[in-house]
Amino acid sequence: MVDLTAQDMHMNQTSPVTAAKSEVKPRPKLRARRAVPSWAITVATIGLLIALWEYFGRDVNPIFGSYPSAIAAAGWDMLRTGELGAAMVQSLEPFVAGFVLALVFGVPLGLLLGRFRVFEAAFGILVTGGYAMPLVALVPLLVLWLGLGFKVKVAIIFLMCVFPIAINTWLGVKVVSKTLIEVGRAFVAPNMVILRRIVFPATLPYIMAGVKLAVGRGVVAMVIAEFFTAISGLGGIIINSATNFDTARMFVPIIVIMVLATLLNALVGVVERWIAPWQSEISARD
Amino acid sequence: MGEVSLIDVSKSFNIKIDSEIHTVQALRNVGFTIRDGEIAVLIGPSGCGKTTALRVAMGLETASSGSVLVDGREVRGCGYDRGMVFQHAELLPWLNALQNVMFGLEMKGMRGAELHDTAMRYLDLVGLKGAWNRRPHQLSGGMKQRVGIARALAIDPKVLLMDEPFGALDAQTRESLQSELLDIQARTGKTVVFVTHDLDEAVLLADRVFVMRAGELQEIIDVPLPRPRGDLGVLRGSPEFAAARYKIWQALHQAESVAH
């Protein structure tokens, strides 16, 4: 960045070339060099929790509770027999379908809500209300409409995910700088082009925040679907183990689901840095 | 050609202060004609309506009454006959310098190799060919504003409208951009309408200075300095510069004493 000012001072045609040649180097992470890295703190916290759980959990009646080594043993068992893998695939299929549908509908819905007053007045209240909808209460009705299989599971996951995505997108559109939209207007861009080329990219960080919320809700929806429709997948293992008082086995899918949601969130973060790299470069901390 | 006329333009805004609606008269029967190929500077204290006048001319604001003519034809809304340079450049942060210049051209319908080459040519015009692949946050304030100028010029408008484009820059960057603007204007022959509150900038750039006060055009002052202006540093020290500056200062001073 050193020769940028020099370049502004000398208005000839050669200095920009030299300015461009000097690579913009990433800031050295001074903080990270001196302090304990964040991941180490996270690992230490988890390690401590597992140790405490192990120490105190061993004294508890195995029906009322379990402890990490017993859960790990049960998990290894289920992994070997292929039960866990099959359940994960069974769970993830409707999850991915419902989640993708939520993205495909939620993002355009949010963009329209934020950008067009009439659309917002007509449907905004439905989306706000839909977000707070007690979905569990509606599951029996959904079962009547869609049966007990794949379709109803997709519908439940879709309904849980679409609202946080739409609402966050909507909110994001609302805070897009007015002057950026004026740039579009100044170049006579039609409304839909402004939406696609300016509003959408400017809203991406908000959309990604909505997607992260939706991952958490979607995973919960997945388990709800497996409890209340055809019992299957990871949720199915939970409910079957619980009815057999096999607490250690019951904890295996619970932990798998938590790990899964955490990994998915991390994946969303990676995707965000990939499709919206300018954002983390602009913001103070990534 | 690139003649811009405001004919009897008025503009009022409603603003809400503590749930009370106030009507602000930003422009009151403003009329002037900016000649083809001239640099016109609109100057005045903040709130005098200079930016509103520019935005009405651009078509970003609609006049409450009156009309805007470009080369004698009434214009409604924005158009490719006018190019806007924004106060803080307002580049799209997800596009690099070249893509930002291409944006306006794409909107105009240009595609393919012509699109790329035209954008590159205008980046070269503002001296940023070598930094074409940098994104806005990797550019200094002055470089950003040069991209902003290239973006506006690339669509080949008749008139370049500039809203305090150098206001946020440091003194040295500002000086270099001022002389570069004069240079570009001399080469392209574009009409330039330039809003500023900086007296020196007005004298350095303008053929004519339009002094505004409380939503009205108060005075039009000719700047009798030769064009091309030559070295702006030398010009600043000349008695002609001082005389022109003083004349505008008086007009502004009078405007302020009336306003307060």
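Rules of the game
Residues numbered from 1 in each chain as written. Chains lettered and ligands numbered in written order. Predicted model: local features only at pLDDT ≥ 70, side-chain atom pairs only at ≥ 80, totals over all residues. Heavy atoms only, no water. Helix = DSSP H or I, 4+ residues; strand = E, 2+ residues; numbered from the N terminus. Buried < 20%, exposed > 50% of the residue type's maximum accessible area, 1.4 Å probe, protein only. Contact = heavy atoms within 4.5 Å. Areas by Shrake-Rupley, 256 points an atom, 1.4 Å probe, with all protein chains shown as cover. Lys, Arg positive; Asp, Glu negative; His and termini not counted. Charge placed at Lys NZ, Arg CZ, Asp CG, Glu CD. Buried area = accessible area lost by both parts, 1.4 Å probe. Salt bridge = Lys/Arg side-chain N within 4 Å of Asp/Glu carboxyl O. Polar contact = N/O pair within 3.5 Å; in protein donor to acceptor, adjacent residues only side chain to side chain. Core = buried A, V, L, I, M, F, W, Y, C linked by side-chain atoms within 4.5 Å. Phe/Tyr/Trp six-rings, centres within 6.5 Å; stacked < 30°, edge-to-face > 60°. Pairing = 2+ DSSP bridges.

> Quick one: what's the story with the overall build of chain B, residue by residue and with numbers?
Counting secondary structure elements, chain B contains eight helices and 10 strands. Projecting the C-alpha coordinates of chain B onto the three principal axes gives extents of approximately 55 × 50 × 40 Å. Out of the 260 residues in chain B, the part that is buried amounts to 57%. Within chain B, contacts between residues at least 6 apart in sequence are counted, and of these 70% link residues at least 24 apart. As displayed, chain B has an accessible area near 10,700 Å², and 48% of this comes from carbon and sulfur atoms. For chain B, the separation between the mean place of its 29 positive charges and that of its 32 negative charges on side chains is 4 Å.

> Outline the interface of chain A and chain B, supporting the account with residue identities and numerical values.
Counting residues at the interface gives 32 residues for chain A and 40 residues for chain B. Summed over both sides, the interface between chain A and chain B buries roughly 3,200 Å², with carbon and sulfur atoms accounting for 62% of that surface. Inspection of the region where chain A meets chain B yields two salt bridges. For the salt bridge of B:Glu106 with A:Arg197, the shortest nitrogen-to-oxygen distance reads 3.0 Å. Our count for the contact surface shared by chain A and chain B stands at six residue pairs in polar contact (both at pLDDT 80 or more). For the side of chain A that touches chain B, the secondary structure elements donating two or more residues are α1 (3–9), α2 (15–21), α10 (178–186), α11 (191–228) and α14 (277–282) of chain A.

> Describe in detail α10(A), supporting the description with residues and values.
Looking only at α10(A), the buried set comprises A:Leu180, A:Ile181, A:Glu182, A:Val183, A:Gly184 and A:Ala186. Structurally, α10(A) contributes buried residues whose contacts are with α6 (83–115) and α11 of chain A together with α1 (50–58), β6 (82–85), α2 (97–107) and α4 (141–154) of chain B. Immediately downstream of α10(A), the backbone of A:Val188 shows phi near 60°, a positive value.

> Requested: an account of the nonpolar core, with residues and values cited.
Core analysis: the biggest nonpolar cluster contains 155 residues, and B:Leu6, B:Ile43, B:Leu123, B:Met162 and B:Ile248 have the highest contact counts within it. The greatest single-element share of this core, amounting to 17 residues, is contributed by α11(A).

> Explain the packing of aromatic side chains to me, using residue names and the numbers behind them.
Residues and elements named next belong to chain A. Summed over the entire model, instances satisfying the criterion amount to 10 aromatic pairs over all chains. Ring geometry for Phe-95 against Phe-99: centres 5.6 Å apart, planes inclined by 20°, an arrangement best described as stacked. In this pair, Phe-95 and Phe-99 both sit in helix α6, four residues apart, roughly one turn of the helix. On the basis of relative accessibility, which here comes to 5%, the residue Phe-95 falls in the buried class.

> Which residues make up the environment of B:Met143, and what values go with them?
By the element assignment, B:Met143 lies in helix α4. Through-space distance from the C-alpha of B:Met143 to that of B:Leu91 is 11 Å; in sequence the pair is 52 residues apart.

> Describe in detail the pairing of strand β3 (residues 39–43) of chain B, supporting the description with residues and values.
Looking down a regular strand, the side chains alternate between one sheet face and the other. Residues and elements named next belong to chain B. Buried residues dominate β3, accounting for five of its five residues. On β3, burial covers both faces: Ile-39, Val-41 and Ile-43 on one face and Ala-40 and Leu-42 on the other are all buried. Where β3 and strand β8 (residues 191–196) come together, five bridges link them in parallel fashion. Opposite Leu-42, over in β8, you have Val-195 as the bridge partner. In this structure, β3 lies alongside strand β9 (residues 208–213), joined through four bridges in parallel fashion. Each bridged residue has a counterpart across the sheet, and for Ala-40 the counterpart in β9 is Arg-208.

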